[in-house]
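# A look at the structure
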Amino acid sequence: MMNSNKINVMITGASGQLGQCLQKLDGNYHNLNLCFYESEKLDITNKINLKVIFESKSFDYIINCAAYTNVELAEKETEKAYLINAEGVKNLAEICEMNNATLIHISTDYVFDGQKKSPYLEEDATRPINEYGKSKLLGEKYIKEIVNRYFIIRTSWLYSSYGNNFYNTILKKAKIVNELSIVSSERGTPTNANDLAGFILQLISHKNMIHGLYHYSNLGEASWYDFAKEILRLEGKLDSIKLEKTDNYPTFAERPKYSVLDKKKCLDLPDVCILNWKESLRILMNNRQ
């Protein structure tokens, strides 16, 4: 039975990297009762499945970590990307509105076209240039149309020790190659998923009612080359691996050249502190087991 004195939270997509980072924080927030659901157990595209699980417990929040995140494959598996990133999100918005619950949804910097030269604000015009970004933007639109109590959190270049991401890829390659060629023409901000997880749980724990759209990433900006260089430096491999810049790494999906997010709105919230991406990366690598 749920503890009525706690805030009851459903977390979808619990086996993804953000879901695993949230699981790691379970127990740190004593006023929260976190219930984790992997996609195999809770399919957000299945309305009946979602309704049965949601109504079996009295949830106050849904944190949606379920997403189709393969930017390349989304160009070919477009229908699947929209099913999860848009229609599934629509289902979550509807169940939240029907039950007076709050939806916390994770979106992306890829809703922008990358033509801006300064950090993107929440109110800046969106114009995604790939199917992944388009599917995520449609999910945002559904939320705004359907549910009153929501937090849409756009983030960028998410990484952690879990799952397939740039950080883990560089660490793996550093063990087997002596030369790496990394894109330097795209600029954004690497974001430690552990930091994002902490921010989300803080929103709930503090009962923040300033709902709406937020940008959250670590502070600062970098190219993928800069990110790789810092990973290798902290790993002590910078001298043993030849790291080269490239502007022409072939990809099927077009990507924004600049997608740094402005975090002022987040930083104006009570008790929110955001680390620079280099500092957060250092902390993660120092705390590896």
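For the structure, see preceding data.
First, a word on scope: everything that follows refers to the structure included in this document. Each chain carries its own residue numbering, running from 1 in the written order of its sequence. Residues qualify for local features only when their pLDDT is at least 70, as the model is predicted, and side-chain atom pairs are given and counted only at 80 or more; totals for whole chains, interfaces and linings, by contrast, use all residues. In computing side-chain values, all of the structure's heavy atoms are included and hydrogens and water are not.

Moving on: the layout of surface pockets. The way it works is a 1 Å grid over only the protein atoms, where trapped points that fit a 1.4 Å probe form a cavity and open points with protein on both sides within 12 Å along at least five of seven lines form a pocket, and then any residue with an atom within 4 Å of a point lines it. Grid points are joined across faces, edges and corners, and a volume is the space filled by probe spheres set on the points. Estimates place the volume of the second largest pocket at around 290 Å³. Lining the second largest pocket are 13 residues, and of these Lys 24, Asn 194, Ile 283, Leu 284 and Asn 287 lie nearest its centre. For the purposes of this entry, the term helix denotes a DSSP run of H or I that reaches at least four residues, the term strand denotes a run of E that reaches at least two, and both are numbered from the N terminus. Of all the secondary structure elements, the ones that give two or more residues to the lining of the second largest pocket are helix H6 (193–205) and helix H9 (277–286). With 3 residues, H9 is the largest single contributor of residues to the lining of the second largest pocket. For this scheme, ten residues count as nonpolar: Ala, Val, Leu, Ile, Met, Phe, Trp, Tyr, Cys and Pro. Four count as charged, namely Asp, Glu, Lys and Arg, and the remainder, Gly too, count as polar. In the lining of the second largest pocket, the residues fall into 4 nonpolar, 6 polar and 3 charged.

Now for the nonpolar core. Across soluble globular proteins, nonpolar side chains show a tendency to be buried alongside one another. Counting 31 residues, the largest nonpolar core has Met 10, Tyr 37, Leu 42, Phe 54, Ile 62, Leu 103 and Ile 143 as its most contacted members. Put simply, the parts of the chain that give this core at least two residues each are strand S2 (32–37), helix H2 (47–56), helix H3 (78–98), helix H4 (131–146) and strand S5 (150–155). Top element by residues in this core is H3. It accounts for 7 residues. Only heavy atoms matter for contacts: two residues are in contact if any of them lie within 4.5 Å across the pair. Contact partners of Ile 143, with chain neighbours within four places excluded, come to Val 89, Ala 93, Leu 103, His 105, Tyr 150 and Ile 152. Counting 30 residues, the second largest nonpolar core, distinct from the first, contains Cys 21, Leu 22, Leu 25 and Ile 274. As used here, the term nonpolar core means buried Ala, Val, Leu, Ile, Met, Phe, Trp, Tyr and Cys residues forming a set that is joined through side-chain atoms within 4.5 Å. Burial classes: relative accessible area under 20% of the type maximum marks a residue as buried, over 50% as exposed, and values in between as partly exposed (1.4 Å probe, protein chains only).

Paired through their backbone hydrogen bonds, the strands of a sheet run either parallel or antiparallel. Taken in spatial order, the 6 strands of this open sheet run S2-S1-S3-S4-S5-S10, and their pairing is parallel. On the outer flanks of this sheet lie S2 and strand S10 (212–215), each paired with one strand and no other. Going from strand to strand, the sheet's axes swing by 20° on average, the running direction of each strand aside. When DSSP finds two or more bridges between a pair of strands, those strands are recorded as paired. Pairing between strand S1 (residues 7–12) and S2: 6 bridges, direction parallel. Each bridged residue has a counterpart across the sheet, and for Ile 7 the counterpart in S2 is Leu 32. A fitted line through C-alpha atoms serves as each axis, taken over the contacting stretch for helices, and the angle formed by two N-to-C directions is quoted from 0 to 180°. The strands touched by helix H1 (residues 17–25) within the sheet are S1, S2, strand S3 (61–64) and strand S4 (102–108), with S2 carrying the most contacts at an inclination of about 145°.

A word on the pattern of salt bridges. Opposite charge on two side chains makes pairing possible when the charged atoms of those side chains draw close. One speaks of a salt bridge when a side-chain nitrogen belonging to Lys or Arg is within 4 Å of a carboxyl oxygen belonging to Asp or Glu. Under the criterion given, the structure shown has 14 salt bridges. Its salt-bridge partner being Asp 113, residue Arg 127 comes within 3.0 Å of it at the nearest N-O pair. Highlighted residues: Arg 127 in the loop between S4 and H4 and Asp 113 in the loop between S4 and H4, separated in sequence by 14 residues. A residue is classified by how much of its surface remains accessible, and Asp 113, at 16% relative accessible area, is buried. The closest approach of N and O atoms between Glu 230 and Arg 233, which form a salt bridge, is 2.7 Å. Here Arg 233 and Glu 230 lie together in helix H7 (residues 224–235), a separation of 3 residues that amounts to about one turn. Classification of Glu 230 as buried rests on a relative accessible area of 9%.

This part covers H2. Those residues of H2 that fall on the buried side of the exposure criterion are Leu 50, Ile 53 and Phe 54. Relative to the axis of H2, the buried residues are bounded by an arc of 100° and lie together on one face. Exposed and oriented more than 90 degrees from the buried face of H2 are Ile 48, Val 52 and Ser 56. Residues of H2 that are buried make contact with S1, S2, S3 and H3. To obtain the arc, one takes the directions from the helix axis to the C-beta atoms.

To pair, rings of Phe, Tyr and Trp, with the six-membered ring standing in for Trp, must have centres within 6.5 Å; the planes then decide the type, stacked if under 30 degrees apart, edge-to-face if over 60, and tilted in the middle. In this structure the tally under the stated criterion is 13 aromatic pairs. For the pair Trp 157 and Trp 224, a centre-to-centre distance of 3.7 Å together with 10° between the ring planes defines the contact as stacked. Here the residue Trp 157 occupies a position in the loop between S5 and strand S6 (158–159), and Trp 224 occupies one in helix H7, the gap between them amounting to 67 residues. For Trp 157, a relative accessible area of 7% puts it in the buried group. With a relative accessible area of 15%, Trp 224 lands in the buried category. An aromatic cluster of at least three residues, connected via ring pairs, comprises Trp 157, Tyr 159, Phe 166, Tyr 167, Trp 224, Phe 227 and Trp 277. Charge over a ring is defined by NZ of Lys or CZ of Arg lying within 6 Å of the ring centre and within 35 degrees of the ring normal. Lys 90 extends its terminal NZ or CZ atom over the ring of Tyr 142, reaching a point 5.1 Å from the ring centre. Taking NZ or CZ as reference, Lys 265 lies 4.6 Å from the ring centre of Tyr 214, over its face.

So, on to helix H5 (residues 166–174). For H5, the complete set of buried residues consists of Tyr 167, Asn 168, Ile 170, Leu 171 and Ala 174. The buried residues of H5 occupy one face: seen down the axis, they fall within an arc of 160°. On its buried face, H5 is in contact with S6, strand S7 (179–183), H7 and H9. Residue Asn 165 occupies the N-cap position of H5, its side-chain oxygen lying 3.2 Å from the main-chain nitrogen of Tyr 167. Think of a polar contact as two N or O atoms within 3.5 Å of one another; within protein, one of them needs to be a possible hydrogen donor and the other a possible acceptor, and neighboring residues in sequence only count if both atoms come from side chains.

Right, let's talk about the pairing of S5 for a bit. With 6 of its 6 residues buried, S5 lies for the most part within the structure. Burial along S5 is two-sided: Tyr 150, Ile 152 and Arg 154 facing one way and Phe 151, Ile 153 and Thr 155 facing the other are all buried. Here S4 pairs with S5 via 6 bridges, running parallel. Bridge assignment links Ile 106 to a residue of S5, and that residue is Ile 153. When the strands point away from the viewer, a crossover counts as right-handed if the route from the first strand across the helix to the second turns clockwise. Chirality of the crossover, the property in question, places the unit of S4, H4 and S5 among those that are right-handed. Note: S5 against S10, 4 bridges, orientation parallel. What sits directly across from Ile 152, in S10, is Leu 213.

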